[in-house]
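The lines below spell out each chain.
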Amino acid sequence: MIILCKKGKTMNIIFSDIDGTFQDLGADVPQINVAAIKALQKHQDKFVFVTGRGLEMVEELQEASGLACDAIFANGAGLKKVGQPATYQNCLSIDTLKVILPILDAENILYFVHTTHEVLIHPVKQYHKNLQDLRESLTYMGEQGISLMDYKTNYFEESCYHVTDMIAFLTQHPDRAILKVELMEASDIKHQLLREKLKSPLVSVFTSFVKTLEIVHPLSSKGSAIQNYLKDYTNVTSFGFGDGENDLPMFEVVDVAVAVENATEHIKQSSHHQTVSCQEGGVGKFIFENILPK
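Only a predicted model underlies this, so the values are computations on that prediction, with no experimental measurement involved.

Cut-off values and rules
- Residues numbered from 1 in each chain as written.
- Predicted model: local features only at pLDDT ≥ 70, side-chain atom pairs only at ≥ 80, totals over all residues.
- Heavy atoms only, no water.
- Helix = DSSP H or I, 4+ residues; strand = E, 2+ residues; numbered from the N terminus.
- Contact = heavy atoms within 4.5 Å.
- Phe/Tyr/Trp six-rings, centres within 6.5 Å; stacked < 30°, edge-to-face > 60°.
- Buried < 20%, exposed > 50% of the residue type's maximum accessible area, 1.4 Å probe, protein only.
- Lys NZ or Arg CZ within 6 Å of the ring centre and 35° of its normal.
- Arc of directions from axis to C-beta.
- Expected span 1.5 Å × (residues − 1).
- Bend = angle between axes of the 7 residues up to and from the residue.

Draft legend 1. Looking closely at the side chain of Asp 247. Relative to the elements of secondary structure, Asp 247 occurs in the loop between strand S12 (236-242) and helix H9 (248-253). Beyond its immediate sequence surroundings of up to four residues, Asp 247 is in contact with Asp 17, Thr 21, Lys 222, Gly 242 and Ile 267.

Draft legend 2. Spotlight on the packing of aromatic side chains. With the rule as written, the count across this model stands at twelve aromatic pairs. Measuring from centroid to centroid gives 5.6 Å for Phe 241 and Phe 286, while their planes differ by 80°, and the two rings are edge-to-face. Here the residue Phe 241 occupies a position in strand S12, and Phe 286 occupies one in helix H11 (residues 282-291), the gap between them amounting to 45 residues. Like Phe 241, the residue Phe 286 is buried in the burial classification. Taken together, the aromatic side chains of Phe 112, Tyr 151, Tyr 155 and Phe 156 make up a single cluster linked through ring pairs. Over the ring of Tyr 229 we find Lys 81, and its NZ or CZ is 5.0 Å from the ring centre.

Draft legend 3. How the structure looks around the environment of Ser 270. Residue placement: Ser 270 occurs in helix H10 (residues 265-270). Of the residues examined, Ser 270 reaches a relative accessible area of 30% and is grouped as partly exposed. Sequence-wise, Ser 270 and Glu 252 are 18 residues apart; in three dimensions their C-alpha atoms are separated by 8.4 Å. When neighbours within four sequence positions are excluded, Ser 270 is seen to be in contact with Leu 248, Phe 251 and Ala 257.

Draft legend 4. Just helix H7 (residues 188-198), in detail. Within the sequence span of H7, burial applies to His 191, Leu 194 and Leu 198. Considered in projection along H7, the buried side chains sweep an arc of 65° and stay on one side of the axis. For H7, the secondary structure elements touched by its buried residues are helix H3 (94-106), strand S9 (178-184), strand S10 (204-209) and strand S11 (212-216).

Draft legend 5. Molecular detail of the environment of Gly 78. Looking at the secondary structure, you find Gly 78 in strand S4 (residues 78-80). When the C-alpha atoms of Gly 78 and Gly 52 are compared, they prove to be 9.8 Å apart, with 26 residues separating the residues in sequence. Not counting residues up to four positions away in its chain, the partners in contact with Gly 78 are Ala 71, Ile 72, Phe 73, Thr 87 and Tyr 88.

Draft legend 6. Spotlight on H3. The terminal C-alpha atoms of H3 lie 18 Å apart, and with 13 residues this matches the ideal 18 Å at 1.5 Å per residue to within 8%. Considering bend angle alone, the principal kink of H3 is centred on Ile 100 and spans about 30°; proline Pro 102 follows within four residues of it. If you follow the buried residues of H3, they end up packed against strand S6 (110-115), helix H6 (166-172), S9, H7 and S11. Following H3 by one or two positions, Asn 108 has its phi on the positive side, about 55°.

Here is the structure:
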């Protein structure tokens, strides 16, 4: 039996990544995860989603699952508490985009810019070869890879706002805060090359999803967002669940870090405990067995 709650702590706050941790790629949310959140809330504990997703996708997940939780989104740039408007901090500037976007354009990288109002992308027809290469690079995933690329292609074509000049658009719409830049690239070698070319005090670059890199303000991370969130609470034990590189800052600030079985080796080595895989409902299983009172 793992004893996790520290003496004097009266509330548990559970922070969880979504993709690869709470929900598998292209799969339904395991019902044990939904049941665990509702059980936590019944016991006056809190569950907070901490994700690279945009707010709209987080809200779609919660609505589909019948949940109402606070959410830290866009890898720490946004916070949406239940019943309150979203707030933003540590966003990218247009001047920073003027530095990094030419690098991506020169390498013909498929990228998209998340703002407080929409997700911007160049006309998708110019990324036909990129999407084809990505699809081929995911053949090892079988049907899951096909579903992922079908979803992503439809998302780029139907859900994103197409612009030919990102900088011009954002200059003309100063009400948009720039949350992050996300890119997808089939070549792992090119991923490393991009990380080297994008290295700068202006941004932080990390992997967050299959074949995906994210570019954010250096002060925008899951860890800093969680620290700010916890300032509103006292006498708590904090838990963090994750599977990938962008979850490391979360693991550094919570009391108890938990990796799902399908996490990267680095994440597992950085965790205090491990649970079963995302597909098996590792988040919910750990909550029921080790956090909720018996």
